[in-house]
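Reading the structure
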Amino acid sequence: MTRILLSLALALAAPLALPQDYPAREIRSICNFGPGSGADILVRFYSDRLSKLAGKPVVVENKPGANGAIATDALAKSKPDGYTIMITPASSTIASAPYLFKSLPFDTTRDFQAVTTIATVTFVLLVDASKPIKSVGDLVSQLKAKQNHGFYGAQSNSGIIAAELFKHAAGLQTTHTPYKQNAQALTDLLLGQVDFLSYDATWAASQEKGGKVRILASASAKRSGALPNVPTLAELGFGSGDVSPWWGVVVPAGTPRAIVERLAGWFNQITGEQDTKDFLARTAFDPFPGSPEQMQDLLRTDSARWKGYVELAKIQPQ
């Protein structure tokens, strides 16, 4: 009997003792996108800060491709021990995945455990700064004067959705031109090959600082704190959509609750620090701290919202 009671006591104590032992080695931080991208910069910033709090190295591993699905699949197949995490725009890489792919090697509702949200970034419409287009109204007038309402450029599904929501509200038939490289999209904009771009605010803001482009509006529900002078399409009368992918931290399903809570505490501490707020402002992100429960709820509710967006934008599953 004594041996049985001792075994039960050890079994009950193990989950409680786990946080004191974690982490005992380096943590792998998977990134959905390539080195040097805006996503990579955010992932590396948070991973560096996490390593300082955890007292162990946090090594970033880039796994770009398939709109983030390659990295997401790698996370799903990782051991649920807290030593593999993913910092990701979860609304567009997890919640929307079932509607962007004909089949998935992972289950978005069962294979992941939410840790916490950290930040949001909006998508914006931008034009060549040398052109006399100073407002969304000017852009609509120019597009309607063109046969088939011209062309726009976008690289990501979020960018396509933001542009298509705008088109729908403005009564435009503007044709999408796909891009794999931001540099080529910018070149074509400045050469007049496309009339506007629909890109994330991080990249757009950096180009606006260089004087090459002009940001006309954001596709968010409210103005971004990082771009307070940029109006939303909604306040300008062009629909009511909100294309502001939110970033969060996820781990494989089955990761011990104590580890999830420890990670959530660390990430919220990082998000609350002043140097993080300054970094997010410089890169056109807005802080968005949360909890495991709040993020899990967002994954569920955003799945339905993104289903509608994908259908409206007529994005064909890959």
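Provided above is the structure to which this section pertains.
Only a predicted model underlies this, so the values are computations on that prediction, with no experimental measurement involved.

As a further point, take the nonpolar core. Nonpolar side chains tend toward joint burial in soluble globular proteins. Formed by 51 residues in total, the largest nonpolar core has its most connected members in Y46, L126, W247, L263 and F267. Beyond its immediate chain neighbours, meaning those up to four positions away, W247 contacts A39, L42, V43, I87, T88, P89, A90, T117, I118, A119, V121 and F285. In terms of nonpolar packing, the next biggest core, distinct from the first, is built from 49 residues, F101, F196, L233 and L299 among them.

This paragraph deals with the sheet that holds strand β11 (residues 286-287). A sheet is described by the order of its strands in space; here six strands give the open sequence β2-β1-β3-β10-β4-β11, paired in mixed fashion. If you trace the sheet from one side to the other, it starts and ends with β2 (58-62) and β11, each paired once. Note: strand β1 (residues 27-31) against strand β3 (residues 84-88), three bridges, orientation parallel. Bridging from a neighbouring strand, R28 pairs with T84 of β3. Across the face of the sheet, helix α3 (residues 69-76) comes into contact with β1, β3, β4 (112-120) and β10 (246-252) while running at roughly 150° to β3.

Our focus in this paragraph is the pattern of salt bridges. Any two side chains of opposite charge can pair, on the condition that their charged atoms come close. Applying the stated criterion to the full structure yields 18 salt bridges. Salt-bridge contacts for K63 lead to E61; the nearest nitrogen and oxygen are separated by 3.2 Å. Between E164 and K167 there is a salt bridge, with the nearest N and O atoms lying 3.1 Å from each other. Residue E164 and its partner K167 are both found in helix α7 (residues 157-170); the two are separated by three residues, about one turn of the helix. The exposure classification of E164 matches that of K167, with both residues buried. Via salt bridges that share partners, D48, R49, K52 and D275 belong to a single interconnected network.

What counts, and at which threshold
- Residues numbered from 1 in each chain as written.
- Predicted model: local features only at pLDDT ≥ 70, side-chain atom pairs only at ≥ 80, totals over all residues.
- Heavy atoms only, no water.
- Core = buried A, V, L, I, M, F, W, Y, C linked by side-chain atoms within 4.5 Å.
- Buried < 20%, exposed > 50% of the residue type's maximum accessible area, 1.4 Å probe, protein only.
- Contact = heavy atoms within 4.5 Å.
- Pairing = 2+ DSSP bridges.
- Helix = DSSP H or I, 4+ residues; strand = E, 2+ residues; numbered from the N terminus.
- Axes fitted to C-alpha atoms, helices over the stretch in contact; angles between N-to-C directions.
- Salt bridge = Lys/Arg side-chain N within 4 Å of Asp/Glu carboxyl O.

Nothing here speaks to function; it is geometry throughout.
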